[in-house]
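# Overview (structure and organization)
Listed below are the residues making up each chain.
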Amino acid sequence: DIQMTQSPSTLSASVGDIVTITCRASQSINDWLAWYQQKPGKAPKLLIYKASTLESGVPSRFSGSGSGKEFTLTISSLQPDDFATYYCQQYNTYFSWTFGQGTKVEIK
Amino acid sequence: QVQLEESGGGVVQPGRSLRLSCAASGFIFNNYGMHWVRQAPGKGLEWVATIWYDGGDIYVADSVKGRFTISRDNSKATLFLQMNTLRAEDTAVYYCARDAGYSNGWYVYWGQGTLVTVSS
């Protein structure tokens, strides 16, 4: 199975900060990576797919980059609504999709 | 608008069975792959099973292989997860999710989730 490792596990930031979350795959997944945002008690929400394509309706302050084994989710100016947990997900391998362990973005 | 509504969760004893359903509306159900994803209390997301748009391809995580079965009824726009021989470690919120297309692999829409608690 492809392992996905996110860093950091927890991140403390202030409104207006630039936030960067990294996701590393145990083997190349080309650009078959998605990012999700999850708030407590809610279902995840798709932010980005194919590593860098912004899902419709998602604010442009979110961006994704990377290919191969290393990927990044960036929030250009953190807003109060952005405090949540973020997950990466690889879909390179049909028979075994995997998520990262999550990165919790907390208020500093 | 797209809606996914899970049902069938509850408290069940270890070794027993449970069947989850996911009623879909707001889109042409048989044009999309469907997935089950679970989240144990306080933990991260775990992919459970996938069935492509026509039911022709099915994939199940190793952690539930041989115990869980995914299926769909396109005539009723409903996704199912049959869970047998349940274990304590299967306790989780189970989400159904719609694929971006026939078989793209990322999850565009999610249900609200249904809680399954396996406990004696």
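Our structure is the block above this text.
Computed from a predicted structure; not experimentally measured.

## Remarks on the overall build of chain B
Helices and strands together make up the secondary structure of chain B, namely zero helices and eleven strands. The order of helices and strands in chain B, counted from the N terminus, is β-β-β-β-β-β-β-β-β-β-β. Radius of gyration (C-alpha) of chain B: 13 Å, near the 14 Å computed for a compact globule of 120 residues. Reported as C-alpha extents along the three principal axes, the dimensions of chain B are approximately 40 × 25 × 25 Å. By the burial criterion, 50% of the 120 residues in chain B qualify as buried. Here chain B has roughly 5,300 Å² of accessible surface; of this, 45% comes from carbon and sulfur atoms. Taking the average place of the 10 positive charges on the side chains of chain B and the average place of its 10 negative ones, the gap between the two points comes to 5 Å.

## Considerations on the state of the cysteines
Residue and element names in this part refer to chain A. Per the counting criterion, the structure on display carries two disulfides over all chains. The disulfide bridge from Cys23 ends at Cys88, spanning 2.1 Å between sulfur atoms. Taking the sign of the torsion about the S-S bond as the criterion, the disulfide between Cys23 and Cys88, at about 65 degrees, is right-handed. Of the two residues, Cys23 is situated in strand 3 (residues 19-25) and Cys88 in strand 9 (residues 85-90); the sequence distance between them amounts to 65 residues.

## Description of the pairing of strand 3 (residues 18-25) of chain B
All names here are of chain B. Examined bridge by bridge, strand 1 (residues 3-7) and strand 3 share five bridges and lie antiparallel to one another. Bridge assignment links Leu4 to a residue of strand 3, and that residue is Ala24. Sheet analysis places strand 3 next to strand 8 (residues 78-83), joined by six bridges and oriented antiparallel. When the bridges of strand 8 are listed, Leu18 appears paired with Met83.

## Describing the interface of chain A and chain B
Each partner contributes to the interface: chain A provides 18 residues, whereas chain B provides 20 residues. Across the chain A/chain B interface, buried area totals approximately 1,700 Å², and carbon plus sulfur atoms make up 65% of it. Linking chain A to chain B there are zero salt bridges. The interface formed by chain A and chain B contains seven residue pairs in polar contact (both at pLDDT 80 or more).

## A word on the packing of aromatic side chains
Tallied over the full model, the rule gives 17 aromatic pairs over all chains. A centroid spacing of 4.4 Å and a plane angle of 50 degrees characterise the contact between Tyr53(B) and Tyr102(B), whose relative ring orientation is tilted. You can see Tyr53(B) sitting in the loop between strand 5 (45-51) and strand 6 (58-60) and its partner Tyr102(B) sitting in the loop between strand 9 (92-99) and strand 10 (107-110), a full 49 residues away along the chain. Taking relative accessible area as the criterion, Tyr53(B) reaches 31% and is therefore assigned partly exposed. On the basis of relative accessibility, which here comes to 45%, the residue Tyr102(B) falls in the partly exposed class. Judged by centre distance (5.6 Å) and plane angle (85 degrees), the rings of Tyr107(B) and Trp110(B) are edge-to-face. We note that Tyr107(B), like Trp110(B), is buried. The aromatic ring of Trp32(A) is capped on one face by Lys50(A), whose charged end is 5.2 Å from the ring centroid. Of note, Arg19(B) hangs over the ring of Phe80(B), and the distance from its end group to the ring centre comes to 3.9 Å.

Criteria and thresholds
- Residues numbered from 1 in each chain as written.
- Chains lettered and ligands numbered in written order.
- Predicted model: local features only at pLDDT ≥ 70, side-chain atom pairs only at ≥ 80, totals over all residues.
- Heavy atoms only, no water.
- Helix = DSSP H or I, 4+ residues; strand = E, 2+ residues; numbered from the N terminus.
- Rg over C-alpha atoms; globule rule 2.2 N^0.38 Å.
- Buried < 20%, exposed > 50% of the residue type's maximum accessible area, 1.4 Å probe, protein only.
- Areas by Shrake-Rupley, 256 points an atom, 1.4 Å probe, with all protein chains shown as cover.
- Lys, Arg positive; Asp, Glu negative; His and termini not counted.
- Charge placed at Lys NZ, Arg CZ, Asp CG, Glu CD.
- Disulfide = S-S within 2.5 Å.
- Pairing = 2+ DSSP bridges.
- Contact = heavy atoms within 4.5 Å.
- Buried area = accessible area lost by both parts, 1.4 Å probe.
- Salt bridge = Lys/Arg side-chain N within 4 Å of Asp/Glu carboxyl O.
- Polar contact = N/O pair within 3.5 Å; in protein donor to acceptor, adjacent residues only side chain to side chain.
- Phe/Tyr/Trp six-rings, centres within 6.5 Å; stacked < 30°, edge-to-face > 60°.
- Lys NZ or Arg CZ within 6 Å of the ring centre and 35° of its normal.

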